[in-house]
Amino acid sequence: MSNAPVTLIIFRYDPGIDSAPRYEKYDVPWREGLLLLSALKYVRENLDETLAFRDYCCGCSWCASCIMMVDGKGIQTCSRPLKPGESLTVEPMRGFSLIKDLAVDFGVKWGNAP
Ligand code: FES
């Protein structure tokens, strides 16, 4: 069985500093049981400490604070297992005000939604 690293292509944008959004690619060592939110933590702890996202809250698919767009679909990243060699594009959850990178303000919706 392959132990090829997982490639994460991550949306990066700090509205207070950057003139435009960009995507950055990170390779994360694969291990049995690796979850997407854990892979994001690996990136921040080992590859780029400036990456912003909501850290664990419940860690068990209950609170939804870890929800992000993954390959265009909104999913809870704490419950998304990763396969060796997999490549995923990770973006902030749509419909909410961006704070930085993958972190959004779940208390503020764009548009006129209540
Ligand atoms: S951290 Fe609570 S649902 Fe993912």
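The rules behind the values
- Residues numbered from 1 in each chain as written.
- Predicted model: local features only at pLDDT ≥ 70, side-chain atom pairs only at ≥ 80, totals over all residues.
- Heavy atoms only, no water.
- Helix = DSSP H or I, 4+ residues; strand = E, 2+ residues; numbered from the N terminus.
- Rg over C-alpha atoms; globule rule 2.2 N^0.38 Å.
- Buried < 20%, exposed > 50% of the residue type's maximum accessible area, 1.4 Å probe, protein only.
- Contact = heavy atoms within 4.5 Å.
- Areas by Shrake-Rupley, 256 points an atom, 1.4 Å probe, with all protein chains shown as cover.
- Lys, Arg positive; Asp, Glu negative; His and termini not counted.
- Charge placed at Lys NZ, Arg CZ, Asp CG, Glu CD.
- Phe/Tyr/Trp six-rings, centres within 6.5 Å; stacked < 30°, edge-to-face > 60°.
- Lys NZ or Arg CZ within 6 Å of the ring centre and 35° of its normal.
- Polar contact = N/O pair within 3.5 Å; in protein donor to acceptor, adjacent residues only side chain to side chain.
- Salt bridge = Lys/Arg side-chain N within 4 Å of Asp/Glu carboxyl O.
- Expected span 1.5 Å × (residues − 1).

**Let's talk about the overall build of the chain**
And step 1. If you tally the helices and strands in the chain, you get one helix and seven strands.
And step 2. Beginning at the N terminus, the succession of helices and strands in the chain can be written as β-β-α-β-β-β-β-β.
And step 3. The globule rule puts the C-alpha radius of gyration for 114 residues at 13 Å, and the 14 Å found for the chain is close to it.
And step 4. Dimensions along the principal axes, computed over C-alpha positions, put the chain at roughly 50 × 35 × 25 Å.
And step 5. Counting every position in the chain, which comprises 114 residues, the buried fraction comes to 37%.
And step 6. When contacts within the chain are restricted to residue pairs at least 6 apart in sequence, long-range pairs at least 24 apart make up 47% of them.
And step 7. Of the roughly 6,400 Å² that the chain leaves accessible, carbon and sulfur atoms contribute 53%.
And step 8. When the 13 basic and 14 acidic side-chain charges of the chain are each reduced to a single mean position, those positions are 5 Å apart.

**Some points on the packing of aromatic side chains**
And step 1. Tallying each qualifying case throughout the model produces two aromatic pairs.
And step 2. With 5.8 Å between their ring centres and 80 degrees between their planes, F11 and Y23 make a pair best called edge-to-face. Of this pair, F11 sits in strand β1 (residues 6–12) while Y23 sits in strand β2 (residues 22–28), and the two are twelve residues apart along the sequence.
And step 3. Between F96 and F106 the ring centres are 5.1 Å apart and the planes differ by 75 degrees, which places this aromatic pair in the edge-to-face class. With a gap of ten residues between them, F96 in strand β6 (residues 96–100) and F106 in strand β7 (residues 103–109) connect regions that are remote in the sequence.
And step 4. Of note, R44 hangs over the ring of F53, and the distance from its end group to the ring centre comes to 4.2 Å.

**Here we look at the environment of G59**
And step 1. Looking at the element boundaries, G59 is found in the loop between α1 (36–47) and β3 (67–70).
And step 2. What makes G59 partly exposed here is its relative accessible area of 37%.
And step 3. G59 sits 38 residues away from S97 along the chain, and the two C-alpha atoms are 23 Å apart.

**Focus: the side chain of D48**
And step 1. For D48, the location among the structural elements is in the loop between α1 and β3.
And step 2. Looking at D48, the relative accessible area reads 15%, which means it is buried.
And step 3. A polar contact of 2.5 Å, which involves the side chain of D48, links it to the side chain of T50.
And step 4. Setting aside its immediate chain neighbours within four residues, D48 contacts R12, E24, Y26 and V43.

**Topic: the pattern of salt bridges**
And step 1. Tallying each qualifying case throughout the model produces six salt bridges.
And step 2. Residue R80 pairs with E86 through a salt bridge whose shortest N-O separation is 2.7 Å.
And step 3. You can call R80 partly exposed: its relative accessible area is 21%.
And step 4. Among the ionic contacts, a cluster of salt bridges with common partners joins R12, D18, R22, E24, D48 and D101.

**A look at α1**
And step 1. For α1, built from twelve residues, the straight-helix expectation of 16 Å at 1.5 Å per residue is met to within 8% by its first-to-last C-alpha distance of 15 Å.
And step 2. Inspection of α1 places L36, L37, S38, A39, L40 and V43 among the buried residues, and these make up the whole buried set.
And step 3. Along its buried surface, α1 packs onto β1, β2, β3, β4 (73–76) and β5 (87–91).

From the geometry alone we can't say anything about function, so treat these as descriptive.
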